[in-house]
Amino acid sequence: RTEKAGLGPALDKMCNAETRITWFYRSTDDRFKPLTGAALPADVKTITTIDGRIVPYVVRVETGTLNRAIYRIAVLDDPSAQQGAEWKPGVGWNGRLAVGFGGGLAGRYEQEIPQPGDPLNDLFLSRGFAYASSSGLVNGLVSNAIIQGETLMMLKEHFIEHYGVPRWTTGSGGS
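Note that residues are indexed from 1 along each chain, following the sequence as it is written. Under the rules for a predicted model, residues below a pLDDT of 70 receive no local features and side-chain atom pairs below 80 are neither given nor counted, while totals for whole chains, interfaces and linings still include all residues. As a rule here, side-chain values cover all heavy atoms of the structure and leave hydrogens and water aside.

Draft legend 1. How the structure looks around the environment of D43. Each helix is a run of H or I in the DSSP string that is no shorter than four residues. Each strand is a run of E no shorter than two, and both are numbered from the N terminus. By the element assignment, D43 lies in the loop between β2 (32–34) and β3 (46–48). Linking D43 and N139, residues 96 residues apart in sequence, is a C-alpha distance of 38 Å. Aside from chain neighbours lying at most four places away, what touches D43 is Y25, R26, S27, T28 and K33. For this analysis, residues touch if any pair of their heavy atoms sits within 4.5 Å.

Draft legend 2. Looking closely at the pattern of salt bridges. By definition, a salt bridge exists where a carboxyl oxygen of Asp or Glu is found within 4 Å of a side-chain nitrogen of Lys or Arg. What the rule picks out here adds up to 10 salt bridges. Note that K45 and D30 form a salt bridge whose closest N and O atoms lie 2.5 Å from each other. With K45 in the loop between β2 and β3 and D30 in the loop between β1 (20–26) and β2, the pair connects residues that are 15 residues apart, well separated along the chain. With a 1.4 Å probe rolled over the protein chains alone, any residue whose accessible area is under 20% of its type maximum counts as buried; one over 50% counts as exposed, and the rest are partly exposed. For K45, a relative accessible area of 27% puts it in the partly exposed group. Of the residues examined, D30 reaches a relative accessible area of 38% and is grouped as partly exposed. Connected through salt bridges with shared partners, the residues R26, D30, K45 and D122 form a single ionic network.

Draft legend 3. Layout of the environment of T19. By the secondary structure assignment, T19 is in the segment before β1. Owing to a relative accessible area of 40%, T19 belongs among the partly exposed residues under this scheme. Sequence separation between T19 and G64 is 45 residues, and the spatial gap between their C-alpha atoms is 4.4 Å. With residues near it in sequence (within four places) discarded, T19 still touches E62, T63, G64 and Y71.

Written as structure tokens, this is what we have:
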């Protein structure tokens, strides 16, 4: 389902696909909206993280694949800052990570088609946390605790390699 998720066709039999970066901002009317350029719109909200940093509420969302699942990682960032292989999170990230889990129970294994706004969790992002989720962590899609544990380890390893070591990690979700 990588094409339906906006990642293009699967590159191999493990359903890997190209990683995509998209940007959103929280407007002064408290809605997330797509950000299409580096210039910030006039209605971008400003927030104070739990570390006391005052930053524009702009979120970088990475969407990719790992362990035959589609993941998303959202973090506060500046779209005008350096991007590419050497990218690191900006000053808005408080060094903490939250991971979302999904409920349900089904005897199947699917990638799911996450919506573009899925990782835009205001509770965590507005405080400076990075927020990560994966279709491999949803019981209703992957009813296998071993695969889910593997997916969580791979997601956190990817996060550490590309974002840095979080001070600590928390999780939330259903079932």
